[in-house]
Amino acid sequence: MRPARWACSSGWGRALLWLAATCWAVAAQAVVVAPRQADILVSDQTAAPAEDDPRWRAVMPTHVERTAAAWYRVRFDTEATGPSTMLYLPFLYGGGRISVNGVPVAEVTESSAALFVRWERPVLLPLPAGALRPRDNLLLIRAPAAHNSPTVILSRLRIGPQADLQPVFDRRLFVVRTLPVVTVVTGLVVGALVLLIWARRRQEVLYGLFGLASIFWALRTTTFVFDALPPSAWSFWRLQYFVSTGGFIVVLALFTLALAGWSRPWITRGLFAYWALGPVFYVAGGHIFTARWWVAGLIPIGLGLAGVALLAAWRRRSVPTLAIAAALALAVVAGLHDYLVASSSPWLRALLPDWTGQRYFLLHHAANLLLVVMGVLLATRFVRTLGEVEAANRTLEARVQAREREISASYERIAQMQREQAVQGERQRMVQDLHDGLGSQLFSSLMRAERGALDSDATVHTLRGAIDEMRIAIEALAPEDSDFRTAFGNFRFRWDQRLRDAGLATKWDVDLPDQLLALPPERALQLLRVAQEALTNVLKHAQATRVQIALTRQDGALHLRVADDGRAAATANPGGRGLANMRTRADRLGGTLTLDFGAEGAVVALTLPA
């Protein structure tokens, strides 16, 4: 177990270490010097003024003077006199010359007839080795105004080791130069892509407004990217600055009004009219007049937009409207701040002297945040719309499937009804045919038998005909076999034997395809009855010795041909009842019946579509 006195010693040790670290940090911080007093001499002379010149007057180190050029002198003491001692200036808008203790430090390019400058980037300069003294150093800066600027500004400078000032320089360079470059590239790319989407979906107005806002803000941000331009390009560049600034505000207003559902034609016309005044003021009054008065008029527009957004958020209380209202209010506050900073407001300098000396412009970052919120809002709407479309597609597919099932069931019911109707029709035709054929034959035979006019041979003949009628109907209408070749084979087997028993030589020529020959039962029945009627005529009337039956299929049609060599007187009666029945059946089948009676025999030919 550790003794109590050791614990006490350990505690004192930690305290001493903390005190030493604190002292080292304070000492390190003290190495960086930030002078709090300076002198100014308003003059555009190029030679350094004398130290005893009566025009020197004391000012604060974050001084703003309305003049075309001035000299600043700053006295300071420093412990950092080594070779890595640096001078840090947050900005030096108009360029100028810098010296320390009479030794030149650097010359930053000023505006001239060949080049207009406005340096936004920070300045980090090494001070000459051996030029610094621990006490009473004199820093002299000639500060001309930037092009089209009515003021010179002395920023809050610092002097100290590079290790301490380099991170400060890098942070400001990132904020005022790197971030604007990223904004320009990102804004142009995103804006172009969103405008392409809007071009294909013109009804999505918010996408078009967001794309325009991104492009306008990217163009406006180039004011932080280009520090020096030739005179031929400067005027055009500053003109597009005012055009893009007004365009961004106007498009942002239209986006907010559309999102809130308060778009009005007269508001739109008023916004476009004020936007057009910016280029007019620039051409007529110049850069300073436009930046002071026309840009100031954009502040009430921004405040009105913030009010509209906040009222819409209060009424709807939805996440998108609340986010837009908060981001827009922040952007308006940042824009008001930037206007006060850019105009060197005495009120703001008195309230926040150190902050205004840094001259950070916040609208750039607030507008980026606003565009991000707008983009997230549109992306959320896009995803939600896709979800709604997918849900609608699923619902539509379910409805289509249900409708298809209903239609399929309806078709099945219709097919069932058609089958039932066909069966009923077949039954009716079969009953009608049996009634007209077999029934009539049996009834007439019964009447003759009752009168005693029917002998045994006639009775046999009548019964045999009735049996033939019944067999033909059964074979043709059999539901278990729809191949006509089977029915015709049974017909051929029965009639071949009968014809041979009657002493006739027969020849059957059947040429049908190997595949299934499906004929509706009614058509098969009528075809077999035509063949039966023709063969019955041969037996009863032709007195023939030879008969030839041919059944072929050619050119999509069935051909039935019955030829005999009979020469009886019956051939002279082509208008008999049997021939009339054959014509009726041929017409019913939609075929053609040909009868040819000659001295050498008779030919019955039937052709019908198969």
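Being a predicted model, the structure only gives us computed values, none of them experimental.

### Brief notes about the pairing of strand β6 (residues 96–100)
Inference 1: Counting buried positions along β6 gives four out of five residues, so the element sits mostly inside the fold.
Inference 2: Examined bridge by bridge, β6 and strand β7 (residues 103–108) share five bridges and lie antiparallel to one another. Paired with Gly 96 across the strands is Val 108, a residue of β7.
Inference 3: A loop of two residues connects β6 with β7, the two strands running antiparallel in sequence, and Asn 101 in this loop sits at a positive phi of about 55°.
Inference 4: As defined by bridge partners, β6 adjoins strand β10 (residues 137–144) across four bridges and the pair is classed as antiparallel. Directly across from Ser 99, in β10, lies its bridge partner Leu 140.

### Description of helix α2 (residues 162–200)
Inference 1: The end-to-end C-alpha distance of α2 is 55 Å, a good match for the 57 Å that 39 residues give at a rise of 1.5 Å each.
Inference 2: Along α2, the sharpest change in direction is near 40° and occurs at Phe 174.

### Looking at the environment of Asp 354
Inference 1: Of note, Asp 354 is situated in helix α8 (residues 353–358).
Inference 2: Note on Asp 354: relative accessible area 41%, which makes it partly exposed.
Inference 3: Distance from Asp 354 to Ser 155, taken between C-alpha atoms, is 9.6 Å for residues 199 residues apart in sequence.
Inference 4: Apart from residues lying up to four places away in sequence, Asp 354 is in contact with Arg 36 and Arg 156.

### Here's the deal with the packing of aromatic side chains
Inference 1: Enumeration according to the criterion identifies 17 aromatic pairs in this entry.
Inference 2: Look at Phe 242 and Tyr 282: their rings are 5.6 Å apart centre to centre, the planes differ by 45°, and that puts the pair in the tilted class. With Phe 242 in helix α4 (residues 231–260) and Tyr 282 in helix α5 (residues 265–316), this residue pair connects regions lying 40 residues apart in the sequence.
Inference 3: Its end group placed over the ring of Trp 56, Arg 73 keeps NZ or CZ at 4.3 Å from the ring centre.

Definitions and limits used
- Residues numbered from 1 in each chain as written.
- Predicted model: local features only at pLDDT ≥ 70, side-chain atom pairs only at ≥ 80, totals over all residues.
- Heavy atoms only, no water.
- Buried < 20%, exposed > 50% of the residue type's maximum accessible area, 1.4 Å probe, protein only.
- Helix = DSSP H or I, 4+ residues; strand = E, 2+ residues; numbered from the N terminus.
- Pairing = 2+ DSSP bridges.
- Expected span 1.5 Å × (residues − 1).
- Bend = angle between axes of the 7 residues up to and from the residue.
- Contact = heavy atoms within 4.5 Å.
- Phe/Tyr/Trp six-rings, centres within 6.5 Å; stacked < 30°, edge-to-face > 60°.
- Lys NZ or Arg CZ within 6 Å of the ring centre and 35° of its normal.

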